[in-house]
Amino acid sequence: MKSPIRRWAFEALEFVSGLVPAGPFDTQGGLARDLATLARAYGVDAMTPATFDDLRAARTGYFATPRDYYTSTEAQFSGLHSPEGSVHFGLAWDGRFHADGFLEQAHLVEALVRRTGARHVLEIGSGKGLNGIELARRNPDVSFAGVDITPLHVRIASERGAGLANLRFVECDFHRLTPWKDQSLDLVFDVEAGCYADTPEKLHASFAELRRVLRPGGLFVTFGWCRTNAFGSLDRQAQLAAELVERAWVVHQFPIERSWDRAAGEVGFAAGERRDLREASMPSVVRLYRQARIFYASLASPARPLVRRLMRRSTHNAVSALMLPHTYGLGALEYRMATLTAPRAS
Ligand SMILES: C[S@@+](CC[C@H](N)C(=O)[O-])C[C@H]1O[C@@H](n2cnc3c(N)ncnc32)[C@H](O)[C@@H]1O
């Protein structure tokens, strides 16, 4: 972000959103209030995933594919979320948001790269390249690559990483890693992209492909969401909050944690480390929640026509920002780091 005016606007929004109250996120009442805000904003009796799909009313904007969603919201991500190019939530260990928390996932991956002595590393769903660039810069003897299905992201990542000889970005669907030979990688990781393997068939295909490209004993590391094992027994509104997050991000459905484990086991992966990162991601999640509250307050003000015009293609990210902390607080979604090890003998 070069323009001082954009930088000033970004910092002013940071300051103002810091003043917005947030929570509670662990009560039905807190969720009911935010669901009512959504229903009012989009002119429906009750907000549901179908609200996104009414093309005639075009209430929230509509994206048919993840590629369309990420292409069309790129300016939103760089203007409101991270000018540095993160398309994921940051992690913080002291309960406060810090912009350098966006690099924490890369640093956790780095610890595994160093511990295992990995030389060939791939990120699936590499976005605008933030993780790969950080890793390649700090580990010049390791070769890194990133694949992404959104051409705009691949172009931005390639431009940002142009000075690094040990890094490249390729446009590719991670379900078919055709540029990579069998057993050619030591470590593959994903930060908030694996959830696009969003049906049982796609999840199986992605695990089978990861197993093919990883050397025996190679590591897969993921940071992202699944529905908790308790999801089926939760209150309907808590489930709805998770479904709205899924629909907003153009994800068919996050896997239930135990079905993700089972699918990995079926192709021969051994489960490794597992860390619940909800608390660590909460400051970054709540920061966007506060921005969404400002957005919905402005929609209820005389500024509504202007705001609608500015956001005419999409308010998907405002919906997910309002719902995500409730899904953590009410136990519907988990955000975790998990590692899997490829079998030693194939
Ligand atoms: C939430 S963003 C995360 C980007 C990046 N990992 C980061 O940490 O900033 C998800 C990314 O996954 C990409 N993606 C979605 N489905 C994909 C697929 N089937 N193959 C490759 N990339 C995909 C999107 O284009 C997007 O860049």
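Everything that follows concerns the structure shown earlier in this document.
In this text the structure is predicted, and so the values were computed from the model without any measurement. (Residues numbered from 1 in each chain as written. Predicted model: local features only at pLDDT ≥ 70, side-chain atom pairs only at ≥ 80, totals over all residues.)

**A look at the overall build of the chain**
Argument step 1. Broken down by element type, the chain carries 13 helices and seven strands.
Argument step 2. Relative to the 2.2 N^0.38 estimate, which gives 20 Å for 346 residues, the radius of gyration of the chain is 20 Å and therefore close to what a compact globule would have.
Argument step 3. Within the chain, buried positions represent 43% of all 346 residues.
Argument step 4. Intrachain contacts of the chain at a sequence separation of at least 6 include 80% that bridge at least 24 residues. (Helix = DSSP H or I, 4+ residues; strand = E, 2+ residues; numbered from the N terminus. Rg over C-alpha atoms; globule rule 2.2 N^0.38 Å. Buried ≥ 20, exposed ≤ 12 C-beta atoms within 10 Å, placed from the backbone. Contact = placed C-beta atoms within 7 Å.)

**Things to note about the site of the ligand**
Argument step 1. In the vicinity of the ligand there are 22 residues, among which G125, G127, T150, A193 and Y196 approach most closely.
Argument step 2. Going through the elements one at a time, α3 (66–72), α6 (130–138) and β2 (143–148) are the ones with two or more residues in the shell around the ligand.
Argument step 3. A per-class count over the shell around the ligand returns 10 nonpolar, nine polar and three charged. (Near = placed C-beta within 6 Å. Nonpolar A, V, L, I, M, F, W, Y, C, P; charged D, E, K, R; others polar.)

**A short note on the packing of helix α5 (residues 104–116) against α6**
Argument step 1. Axis separation between α5 and α6 bottoms out at 9 Å; the angle between their running directions is 45°. Relative to α6, the element α5 is oriented oblique. Where α5 crosses over α6, the handedness of that crossing is right-handed. Taking contact as the criterion, the partners of Q105, A106, V109 and E110 in α5 are, on α6, N131, E134, L135 and R138.
Argument step 2. Classifying every residue of the contact of α5 with α6 gives three nonpolar, two polar and three charged. (Axes fitted to C-alpha atoms, helices over the stretch in contact; angles between N-to-C directions. Parallel < 35°, antiparallel > 145°, perpendicular 65-115°, else oblique. Left-handed = near helix turned anticlockwise from the far one by under 90°.)

**What about the environment of R212?**
Argument step 1. Counting through the fold element by element, R212 comes out in helix α8 (residues 200–213).
Argument step 2. For the pair R212 and K181, spaced 31 residues apart in sequence, the C-alpha to C-alpha distance is 8.1 Å.

**Quick word on the sheet that holds strand β3 (residues 167–171)**
Argument step 1. Spatial strand order, β3-β2-β1-β4-β5-β7-β6: seven strands in an open sheet with mixed pairing. Each edge of the open sheet carries a strand with a single partner, namely β3 and β6 (270–276). Along the sheet, successive strands turn relative to each other by an average axial angle of 20°, direction set aside.
Argument step 2. As paired strands, strand β5 (residues 214–227) and strand β7 (residues 333–341) are joined by nine bridges and run antiparallel to one another. Paired with G224 across the strands is R336, a residue of β7.
Argument step 3. The strands touched by α6 within the sheet are β1 (120–124), β2, β3 and β4 (185–191), with β2 carrying the most contacts at an inclination of about 175°. (Pairing = 2+ DSSP bridges.)

**Structural notes on unusual backbone geometry**
Argument step 1. With omega at 5°, the peptide bond leading from G23 into P24 counts as cis.
Argument step 2. The phi dihedral of A58 falls on the positive side, at around 45°, and the residue is not glycine.
Argument step 3. Turning to its location among the elements, A58 is positioned in the loop between α2 (28–42) and α3.
Argument step 4. Here A58 falls in the exposed class, since 11 other C-beta atoms lie within 10 Å of it.

In short, the description is geometric, and any link to function would need to be established separately.
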